[in-house]
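Breakdown of the fold
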Amino acid sequence: MIQNLMNMKIRSYGCITKPGLLLVHPDLPHKPRLIFASSIGVPSNHGKRIGYITRLQYSVADRTFVSHSANSSLSKVDTTHLEQRQGGSSSLYSRPSILQMKNQRAENRARVYEFLKGIGIVPDELDGLELPVTVEVMRERVDFLHKLGLTIEDINNYPLVLGCSVKKNMIPVLDYLGKLGVRKSTFTEFLRRYPQVLHASVVVDLAPVVKYLQGMDIKPNDIPRVLERYPEVLGFKLEGTMSTSVAYLVGIGVARREVGGVLTRYPDILGMRVGRVIKPFVEYLESLGIPRRAVARLIEKRPHILGFGLEERVKANVESLQEFDVRKTSLASIIAQYPEILGIDLQPKLLNQRNLLNSALDLGPEDFPTIVERMPQVVSLGKTPILKHVDFLKDCGFSLQQVRQMIVGCPQLLALNLDIMKFSFDYFQKEMGRPLDDLVAFPAFFTYGLESTIRPRHQMVAKKGLKCSLSWLLNCSDEKFKERMNYDSIELEEMEMVSSFDMNTLMEPRSDESASDYEEDSDDEYA
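Within each chain, residues carry numbers counting from 1 in the order of the written sequence. It should be noted that, the model being predicted, local features are given only for residues of pLDDT at least 70 and side-chain atom pairs only at 80 or more, the latter also being counted only at that level, while totals for whole chains, interfaces and linings use all residues. Water and hydrogen atoms play no part in the side-chain values, which are based on all heavy atoms of the structure.

A tally of regular secondary structure across the protein gives 26 helices and 2 strands. We call a residue buried when its accessible area falls under 20% of the maximum for its residue type, exposed when it is over 50%, and partly exposed in between, using a 1.4 Å probe and counting protein chains only. Looking at the protein as a whole, 42% of its 527 residues qualify as buried. Two residues form a contact once any of their heavy atoms are found within 4.5 Å. Considering only residue pairs separated by 6 or more positions, the protein has 67% of its internal contacts joining residues 24 or more positions apart. Using a 1.4 Å probe, the Shrake-Rupley method yields the accessible areas, and only the shown protein chains count as cover for residues. Carbon and sulfur atoms provide 52% of the accessible area of the protein, an area that totals close to 29,700 Å². Each helix is a run of DSSP H or I of at least 4 residues and each strand a run of E of at least 2, with the numbering of both proceeding from the N terminus.

Turning our eyes to something else, we now look at helix α4 (residues 135-147). The end-to-end C-alpha distance of α4, which contains 13 residues, comes to 18 Å, matching closely the 18 Å that a straight helix rising 1.5 Å per residue would cover. For α4, the full list of buried residues reads V135, M138, R141, V142 and L145. In a view along the axis of α4, the buried residues occupy a sector of 125°, so they form one face of it. Away from the buried face of α4 by more than 90 degrees, exposed residues E136 and K147 are located. Contact partners of the buried residues in α4: α3 (98-118), α5 (152-157) and α6 (166-180). With its phi angle positive at about 100°, G149 sits one or two positions after the end of α4. For a helix, the expected span equals 1.5 Å multiplied by the number of residues minus one. What the arc covers is the set of directions going from the helix axis to the C-beta atoms.

What counts as an axis is a line fitted to C-alpha atoms, over the stretch in contact for a helix, and the angles between N-to-C directions run from 0 to 180 degrees. It is the contact of helix α12 (residues 274-287) with helix α14 (residues 310-323), at a shortest axis distance of 12 Å, that shows an interaxial angle of 10°. For the element pair α12 / α14, the angle class is roughly parallel. The segment α12 lies against α14, with P280, F281 and Y284 engaging L310, V314, K315 and V318. In this classification, the charged set is Asp, Glu, Lys and Arg, the nonpolar set is Ala, Val, Leu, Ile, Met, Phe, Trp, Tyr, Cys and Pro, and all remaining amino acids, among them Gly, are polar. A breakdown of the residues in the contact of α12 with α14 according to their chemical character gives 6 nonpolar, no polar and 1 charged. When an angle is under 35 degrees it counts as roughly parallel; over 145 it counts as roughly antiparallel; between 65 and 115 it counts as roughly perpendicular; any other value is oblique.

Our next topic: the environment of L413. Residue placement: L413 occurs in the loop between α19 (400-409) and α20 (418-432). Judged by its relative accessible area of 1%, L413 falls in the buried class. Dropping the residues within four chain positions of it, L413 is found in contact with H389, L393, M406, M421, P443 and F446.

This part covers the packing of helix α18 (residues 383-395) against α20. Packed helix pairs are characterised by how far apart their axes lie and by the angle those axes make with each other. Interhelical geometry of α18 versus α20 gives an angle of 15° and a closest axis separation of 11 Å. One finds that α18 runs roughly parallel with respect to α20. The chirality of how α18 crosses α20 is right-handed. Between α18 and α20, the contacting residues are K388, H389, F392 and L393 on the first element and L418, M421, K422 and F425 on the second. Per-class residue counts for the contact of α18 with α20 are 5 nonpolar, 1 polar and 2 charged. For any helix crossing, the convention is left-handed if the near helix is rotated counterclockwise from the far helix by under a right angle, and right-handed if that rotation is clockwise.

Attention shifts here to the packing of aromatic side chains. Between rings of Phe, Tyr and Trp, where Trp is taken as its six-membered ring, a pair exists when centres lie within 6.5 Å; planes separated by under 30 degrees are stacked, by over 60 edge-to-face, and by other angles tilted. One pass over the full model with this rule turns up 8 aromatic pairs. Here the aromatic cluster, defined as three or more aromatic residues joined through ring pairs, consists of F398, F425, F428, F445 and F446.

Next up on the list: the side chain of H458. Mapping H458 onto the fold places it in helix α22 (residues 450-464). If we skip the residues at most four places from it in the chain, H458 touches Y427, E431, M432 and L473.

On to the confidence of the model for the protein, then. The pLDDT score gives, residue by residue, the confidence of the prediction method on a 0 to 100 scale. In the predicted model, the protein carries a mean pLDDT of 81, and 74% of its residues have values of at least 70. Every residue in residues 492-498 is under pLDDT 50, and counting partners more than four places away or in other chains gives 12 contacts. Taken together, the stretch residues 511-527 has pLDDT below 50 and engages in 28 contacts with residues farther than four places along the chain or on a different chain.

One speaks of a salt bridge when a side-chain nitrogen belonging to Lys or Arg is within 4 Å of a carboxyl oxygen belonging to Asp or Glu. Enumeration according to the criterion identifies 16 salt bridges in this entry. With a shortest N-O distance of 3.4 Å, D217 and R256 are connected by a salt bridge. A residue pair is termed long-range when its members are at least 10 positions apart, and D217 in the loop between α8 (202-215) and α9 (223-229) and R256 in the loop between α10 (241-252) and α11 (259-265) qualify at 39 residues. A salt bridge links R225 to E228, with the nearest nitrogen and oxygen atoms 3.0 Å apart. With R225 and E228 both in helix α9, this residue pair falls 3 residues apart, about one helical turn. Each member of the pair, R225 together with E228, is buried. Among the ionic contacts, a cluster of salt bridges with common partners joins R183, R225 and E228.

Moving on: the environment of G260. Looking at the secondary structure, you find G260 in helix α11. Put simply, G260 and G215 are 45 residues apart on the chain and 9.1 Å apart in space, counted from C-alpha to C-alpha.

Counting buried residues in helix α17 (residues 367-374) gives 6 out of 8 residues, a clear majority hidden from the surface. On its buried face, α17 sits against α14, α15 (331-337), α16 (346-361) and α19.

This brings us to unusual backbone geometry. Phi is positive for D217, which is not a glycine, with a value near 70°. Since its relative accessible area comes to 42%, D217 is described here as partly exposed. Within the chain, D325 stands out as a residue other than glycine whose phi angle is a positive 70°.

Here is the structure:
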């Protein structure tokens, strides 16, 4: 437009030859412009043109002036905004500075810390952890943990749990555990043992572990019991300790089909290091005379023995047995019969049982270790059952010396069901008509079933007219007894057979069903 105006000016003044009038006006860009006019040779419409030009020029000038004034206003507005951004707080649209934001966060955290301290939580370990900015949200987390059964002490044991969001972390994890079958009644103890689970991602962390456990032949119905017994397993790496411990057990002879049952009953194995825990334990039992295959069978039946501390418990108990004159050659048999003897507080039990049996039976120096060798479970028997069994034998007519001889020869008499013993003794007296000395010579008579073994065999022997000892009659398998019924006479060596624990029976492959089904183990077999 400016270019058009300039062309217009040139055309308008092309006929002026002498200046007669000087006009000075501002023009773009703010430089004085001289315009000359003369009455000589000016056309008749010159005045109109002058007026037009003047008005045009001033119009342009006005426009320029307005434009300049508008730019000045915008500059003032920009300056105002800049001042506000640089710290002015009078405007509603002002933004806080980085320093202000930092100070605000510090104030929020201080209020949250003050709240936590007020309810007894020590927030020292929370520095650097992302926490709620308001006390209300933190109170919601604490209240939710309380509803799960966790106390202030529990939270102080693992304060990082306060960094878990109720909706984003806690509820999804607990819902997943519930869907697996983990009982809500176990949540409190579950979280006390492994509160880190609340930080986990269901898809990334938890689900792969559950799938891995199922791949170890742990049945889906047993998965929740495994997690309840050993929640820490949810934090293990799939290709780490879990896989190596299982591989080692299979390598020493644990049957592959038994792995699921072993892990179901004692999932702690998944967290045991082979080199530090499992292998030294196995090798120590081998050094006591237990073959490796027998150790594998023991682990299949009682996998929890791997949790007995080798240095602080197992070796100490073996030393205690030897201190009470148990023969070193009998240690393997004792452990094979009663593996739990490795994990109990054995020293005081041995002392108490020796004193009890000495007072009840007047034992000799070698009698107590012999009793322990033949039935190591005696160390766990209560005082009352022992005395009741001693009294029963006395009531049957045996002298104290005979009772002592019978119990030393067959300590299992102290743990049998008294009612069954009474039935067997009545049959012995009334039907078999044998003297008491036969029971003194073979006290294991009471350990055989009356209907399944004693009665049918006695009837067969009586029908054939054979005279035999109780040992010859009972101390053999059904197949062997059928062979004996074809004998014309009784061999002496068979009459003198003495029952003892055979380690080979422990190494035989299991013929029963797999123990993979979940069952609660009882430690009160002989109580």
